[in-house]
Amino acid sequence: MAVVDYKCPNCGGEMTFDSASGMLSCGSCGRKDNIEHYTDAPRPSVFGQGEMKEYQCNSCGAVIVTEPETTATMCSFCNSSVVLIDRMAGKFAPSQVIPFAISKDQAQKAFKKWCKNGRLTPGSFMRANRIKGITGLYVPFWLYDLHSDVEVRAHGTRVRSYTRGDYIYTETQHFDVYRDITLDYVKVPVDASEKMNDELMDKLEPFPYDQLKNFKTPYLAGYIAEKYNYDDNQLMPRAQHKVDGFIDSYVRSTMSQYHTLTYKSKEIDTTARKAEHVLLPVWVFHYDHNRTKYTFAMNGQTGKVVGRPPISKGKMFMWFSGIFLASLISVKCVSMAMGGGFW
């Protein structure tokens, strides 16, 4: 049962990943170590995905019971950070990671500010401190490099009007349109965790992929991390679906010279050139308001917040009433300018 934690060589205190410095930091004496100097050598995993649920904390000796997907967590007895390295081995080992750049305190302050900016959210939601939990989570993603061969046949028309004498003529030209296009997309992200809401994860994009680091377990110290539930083959349809809109938009941009366009056939063959398993940083907030639980997510690098807060019916009524009144006054002012009365 391989449990890894990081103790300070100076004082023996717990070391965790520091988002400000990007280093492994001791909370007791302040020592900071460069993670790039650490070498990871996880052993090949010989356990099934649903096995090895119990581990022993190196700090206090308590038994750590986790779900099968958890790869990094906190000891509930002594609050030590632990990485369950057996679960990060073999096919479950990520190739890269984007470390957290936003600390827990920064995330909490930014989230409260985001709540207060909601124009239609209830005042009680914006004022009350109802955060029930905030978790720094490394979410497993697959990053796909996709190659698409696109073949399109369509019917296009060009229309022009001109005047000769007292007559106005409309001329319509008809064209057979053919396009043979090759498109490549890199680092198309798809979250691979069964627990995470796909819509929330999609809205957190984009992540700064220039911040990708070669994976080392110290990046996980102090955070929660999980294994993927779905492999790259299972999620390939979602990756294809994510680029469908971009493909269609690009194809149409090559036919912008036509006034009307009717597709006769459109064949798209999208294949994966490469799929990498990576961990991306997400702050997850659980918020309680009027006995209803809300879940929000924050990009751990950019600070982007996504989620659906409650809507105040009173604020919504006032908002649309204000828009209606402003529109009515504008119409009446135009009427007066044209010589009519105000009412």
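Residue numbers restart at each chain and count upward from 1, following the sequence in its written direction. Reporting of local features is limited, given that this is a predicted model, to residues whose pLDDT is at least 70; pairs of side-chain atoms are given and counted only at 80 or more, and all residues count toward the totals for whole chains, interfaces and linings. Derived side-chain values reflect all non-hydrogen atoms in the structure, with water molecules and hydrogen atoms excluded from consideration.

A. Focus on the overall build of the chain. Numbered from the N terminus, helices here are DSSP runs of H or I no shorter than four residues, and strands are runs of E no shorter than two. Within the chain, the regular secondary structure consists of five helices and 16 strands. Buried residues in the chain amount to 41% of all 343 residues. Within the chain, counting contacts between residues at least 6 apart in sequence, those at least 24 apart form 72% of the total. Of the accessible surface of the chain, which amounts to about 19100 Å², a share of 51% is contributed by carbon and sulfur atoms. Burial classification: accessible surface area is computed with a 1.4 Å probe over protein chains only, and a residue below 20% of its type maximum counts as buried, one above 50% as exposed, and the rest as partly exposed. Throughout, a residue-residue contact means that at least one pair of heavy atoms, one from each residue, lies within 4.5 Å. Here the accessible surface of atoms and residues is derived via Shrake-Rupley with a 1.4 Å probe, and residues count as covered only by protein chains that are part of the display.

B. Representation of the nonpolar core. For the purposes of this section, nonpolar cores are sets of buried Ala, Val, Leu, Ile, Met, Phe, Trp, Tyr and Cys residues that join through side-chain atoms within 4.5 Å. The biggest cluster of nonpolar side chains holds 32 residues, and the ones touching the most others in it are Phe111, Tyr138, Leu220, Trp283, Phe285 and Met298. Elements with a contribution of two residues or more to this core: strand S2 (15–18), strand S3 (23–26), helix H1 (104–116), strand S10 (131–164), strand S14 (260–289) and strand S15 (292–299). No other element matches the four residues that S14 contributes to this core. Among the nonpolar cores identified, the runner-up in size contains 23 residues, and Val177, Leu183, Val188 and Ala192 belong to it.

C. How the structure looks around the pairing of S15. Whether two strands pair depends on DSSP finding at least two bridges between them. In the sheet, S15 pairs with strand S16 (residues 305–306) via two bridges, with the strands oriented antiparallel. Within S16, the position partnered with Ala297 by the bridge is Val306. In textbook terms, the turn of a hairpin is the stretch between consecutive antiparallel strands, and for S15 and S16 this stretch comprises five residues, one of which, Gly303, has a positive phi near 85°.

D. Fine view of the packing of aromatic side chains. Aromatic pairs are defined between Phe, Tyr and Trp rings, using the six-membered ring for Trp, whenever the two ring centres lie within 6.5 Å; interplanar angles under 30 degrees are classed as stacked, those over 60 as edge-to-face, and all others as tilted. Applying the stated criterion to the full structure yields 19 aromatic pairs. On the numbers, 4.3 Å between centres and 5° between planes, the contact of Phe100 with Tyr223 is stacked. Of this pair, Phe100 sits in the loop between strand S9 (96–97) and H1 while Tyr223 sits in the loop between strand S12 (213–214) and strand S13 (224–226), and the two are 123 residues apart along the sequence. Note on Tyr223: relative accessible area 7%, which makes it buried. Here the aromatic rings of Tyr162 and Tyr169 are separated by 5.5 Å at their centres, their planes lie at 20°, and the arrangement is stacked. By relative accessible area, Tyr169 is classed as partly exposed at 36%. Here the aromatic residues Phe17, Phe100, Tyr138, Tyr219, Tyr223 and Trp283 are joined through ring pairs into a cluster of three or more.

E. Fine view of the sheet that holds S2. Taken in spatial order, the three strands of this open sheet run S2-S3-S4, and their pairing is antiparallel. Pairing within the sheet leaves two strands with one partner each, and these edge strands are S2 and strand S4 (32–33). As judged from the four bridges shared by S2 and S3, these two strands associate in the antiparallel manner. Its bridge partner being in S3, Thr16 is matched across the sheet by Ser25.

F. Inspection of the side chain of Arg179 at higher detail. The topology assignment puts Arg179 in strand S11 (residues 167–191). Separated by 2.8 Å, the side chain of Arg179 and the backbone oxygen of Thr254 make a polar contact. When neighbours within four sequence positions are excluded, Arg179 is seen to be in contact with Val150, Glu151, Val152, Thr254, Met255, Gln257 and Tyr258. Pairing of N or O atoms within 3.5 Å defines a polar contact, subject to two protein rules: one partner must be a possible hydrogen donor and the other a possible acceptor, and residues neighboring in sequence count only if both atoms are side-chain atoms.

G. Structural view of unusual backbone geometry. Here Glu205 and Pro206 are connected by a cis peptide whose omega angle stands at 5°. Turning to its location among the elements, Pro206 is positioned in the loop between helix H3 (198–203) and S12. Despite not being glycine, Lys187 shows a phi value in the positive range, around 55°. Here Lys187 lies in strand S11. Looking at Lys187, the relative accessible area reads 30%, which means it is partly exposed.

H. Quick look at the pattern of salt bridges. Salt bridge, as used here: a side-chain nitrogen of Lys or Arg that lies within 4 Å of a carboxyl oxygen of Asp or Glu. For the structure on display, the rule yields 15 salt bridges. Of the charged contacts, one joins Asp248 and Lys266 as a salt bridge, the two residues approaching to 2.9 Å between their closest N and O atoms. Taken together, the residues span a long stretch of sequence, with Asp248 in helix H4 (residues 232–253) and Lys266 in strand S14 at a distance of 18 residues. The class for Lys266 is partly exposed, based on a relative accessible area of 37%. By sharing partners, the salt bridges in this structure join Asp191, Asp198, Asp202, Glu205, Arg238 and Lys242 into a single network.

I. A negative patch on the surface, seen in detail. Patch building starts from residues that exceed 30% relative accessible area and form no salt bridge, then joins like charges within 9 Å and nonpolar side chains (Val, Leu, Ile, Met, Phe, Trp, Tyr) within 5 Å. In this tally, Asp and Glu contribute negative charge and Lys and Arg positive charge; neither His nor the terminal groups of the chain are included. We put the charge of a Lys on NZ, of an Arg on CZ, of an Asp on CG and of a Glu on CD. Together, Asp149, Asp180, Asp184 and Asp269 make up a region of like negative charge exposed at the surface. Relative accessible area serves as the criterion here: at 57%, Asp180 is assigned to the exposed category.

J. Expanded view of the confidence of the model for the chain. Averaged over the chain, the pLDDT score is 81; the fraction of residues at 70 or greater is 74%. The quantity called pLDDT is the predictor's confidence in a given residue, expressed from 0 to 100. Note that residues 41–52 has pLDDT below 50 and, in this model, 21 contacts with residues that lie over four places away or in other chains.

K. Expanded view of the environment of Asn214. Here Asn214 shows up in strand S12. Here Asn214 falls in the exposed class, since its relative accessible area comes to 54%. Sequence-distant contacts of Asn214, defined by excluding residues within four places in its chain, comprise Ser95, Gln96, Val97 and Tyr219.

L. Representation of the state of the cysteines in the model. Any pair of cysteine sulfurs within 2.5 Å is marked as a disulfide. Enumeration over the complete set of coordinates arrives at zero disulfides. The thiol sulfur of Cys29 is not disulfide-bonded, and the nearest other cysteine sulfur, from Cys8, lies at 3.5 Å. Residue Cys29 is classed as partly exposed on the basis of its relative accessible area, which comes to 41%.

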